[in-house]
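# Summary of structural features
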Amino acid sequence: MDINELKSGDVLLFSPEKGSWLSEAIVFLTGADVSHTAMTYKEFSKIIEETPPAIRVANAKERFAGRTIHVMRDERNQDFSPVMQAATKYLNEEEPYGMANLYLVGMILIYKKFSPSGPQQKATLAILKKLVSKLLTIINEHKYPGKLPMVCSQYIFQSYQDAGKDYQLTIKNGNLLKANQEKSLFEKAINQTPMHDSPTYNSLKLEKPAVELSEKELLSNLKNKEGESIASLESEILEHIYILSKALHAIEQEISFESASHKAGLQVMQKQNAMFVTPADLLDHCPDLTKVGEITI
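None of the values given here were measured: they were computed from a predicted structure.

Position of V277 among the secondary structure elements: in the loop between helix 11 (262–275) and helix 12 (279–284). Its relative accessible area of 2% is what places V277 among the buried residues. Counting along the chain gives 126 residues from V277 to V151, while the straight-line C-alpha distance between them is 8.6 Å. Here V277 is in contact with V151, S153, Q154, F157, I171 and L282, once residues within four sequence places are set aside.

Set out below in structure tokens:
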């Protein structure tokens, strides 16, 4: 497929970025060879995407270089101006966050129904600590009041949803919502109670691990399915999910971390879980989108 065949509103799914552990982690955790989502913006040469540090319009040819682009099209409609208007609204609001890929990996780990091995638990805990640290910095610096993080695939999906019922996309048997015997970490967090006397839970100053995992080690541990789960690690992971939930509630309500509620934050996360969309979902689980070709530059 040639780049000039792109149409306004085409959903663009990128193969993983070479050398990026986050891209590789997304591919591994979702089981599909795509790690980023964008959309053709008004004309074939421009795309709009959620990518650090914020939503932006970029040159398609430059962004496609070195990647395989899977082109998905909604063939139910001809006029995509409502989708463009919805996408532009988020652009004009400067929907921020320079850690969208880290947030995507973290939320996949939280929402995914699986029993992590010991090494996977270590990687999950390290990733959640990184994520929580960034969110707490945002709260302390009052950077993004009232704006929750949005990942690349969620941004494109939400633009279609906001365009009206004729454009809304459906996800069937979603990547993270498939029924199985496993419980997600989020489900475990909902069914347990945080340790309110935990220093970690009550402090904005999270302690760094004695030895931090490198990006290579994080990816290696995520892919390592050997070894039993470790109860103490799971407990610490759940504590960080509660901290994360408090942070999200604080951001949404524009309040301090101390004033926020983990219970209200879990409700925020539950709503996100119901609407959480990965790049893999738009490739393999969205019957409203048809793959019309691939572009390789």
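With that settled, the discussion passes to the side chain of T40. Relative to the assigned elements, T40 resides in strand 2 (residues 36–40). The contacts of T40, once residues within four sequence positions are left out, are L6, K7, S8, G9, D10, L12, K46, I47 and M84.

What follows concerns unusual backbone geometry. Residue P53 is reached from P52 by a cis peptide bond, and omega for that bond is 5°. Its identity is not glycine, yet H142 carries a phi of approximately 50°, on the positive side. Along the polypeptide, H142 turns up in the loop between helix 5 (118–141) and helix 6 (152–162).

Right, let's get into the sheet that holds strand 5 (residues 68–73). Each strand in a sheet pairs with its neighbour through backbone hydrogen bonds, running either in the same direction (parallel) or in the opposite one (antiparallel). Pairing in this open sheet of 6 strands is antiparallel, and the strands run 4-3-2-1-5-6 from one edge to the other. Looking at the sheet topology across the chains shown, the edges are occupied by strand 4 (54–59) and strand 6 (290–296). Taking the axes of each pair of neighbouring strands and ignoring which way they run, one obtains an average angle of 30° across the sheet. The pairing of strand 2 with strand 3 (residues 46–51) spans 3 bridges and is antiparallel. If you follow A38 over to strand 3, its bridge partner there is E49. Helix 6 contacts strand 1 (11–14), strand 2, strand 3 and strand 4 of the sheet and is inclined by roughly 35° relative to strand 2.

For the rest of this paragraph, the subject is the nonpolar core. The biggest cluster of nonpolar side chains holds 56 residues, and the ones touching the most others in it are I110, L135, I241, L244 and M269. Counting residues per element, the ones that place at least two in this core are helix 1 (21–30), helix 4 (100–111), helix 5, helix 7 (185–190), helix 9 (215–223), helix 10 (231–253) and helix 11. Ignoring any residue separated from it by four or fewer positions in sequence, one finds L244 in contact with M107, I110, L131, V132, L135 and M269. By size, the runner-up hydrophobic cluster in this structure holds 29 residues, among which are A32, Y41, Y160 and A280.

Bringing the packing of aromatic side chains into the picture now. Evaluation of the coordinates by the stated rule reveals 6 aromatic pairs. Where Y90 meets Y155, the ring centres are 5.8 Å apart and the plane angle is 90°; that geometry is what we call edge-to-face. A residue pair is termed long-range when its members are at least 10 positions apart, and Y90 in helix 3 (residues 81–92) and Y155 in helix 6 qualify at 65 residues. The two residues Y90 and Y155 agree in class, both being buried. Measuring from centroid to centroid gives 5.3 Å for Y111 and F276, while their planes differ by 65°, and the two rings are edge-to-face.

Rules of the game
In this convention, every chain numbers its residues from 1, walking through the sequence in written order. Under the rules for a predicted model, residues below a pLDDT of 70 receive no local features and side-chain atom pairs below 80 are neither given nor counted, while totals for whole chains, interfaces and linings still include all residues. In computing side-chain values, all of the structure's heavy atoms are included and hydrogens and water are not. Secondary structure counts use DSSP, requiring at least four H or I residues in a row for a helix and at least two E residues in a row for a strand, with both numbered from the N terminus. For the exposure calls, accessible area comes from a 1.4 Å probe over protein chains only, and a residue counts as buried if that area is under 20% of its type's maximum, exposed if over 50%, partly exposed in between. Between two residues, a contact is recorded if the distance between any of their heavy atoms is within 4.5 Å. At least two DSSP bridges between two strands are needed for those strands to be called paired. Fitting a line to C-alpha atoms yields each axis, with helices limited to the stretch in contact; the angle taken between N-to-C directions then spans 0 to 180 degrees. Only buried residues count toward a nonpolar core, which is a set of Ala, Val, Leu, Ile, Met, Phe, Trp, Tyr and Cys residues joined through side-chain atoms within 4.5 Å. We call Phe, Tyr and Trp rings a pair once their centres come within 6.5 Å, taking the six-membered ring for Trp, and we label the pair stacked below 30 degrees between planes, edge-to-face above 60, and tilted otherwise.

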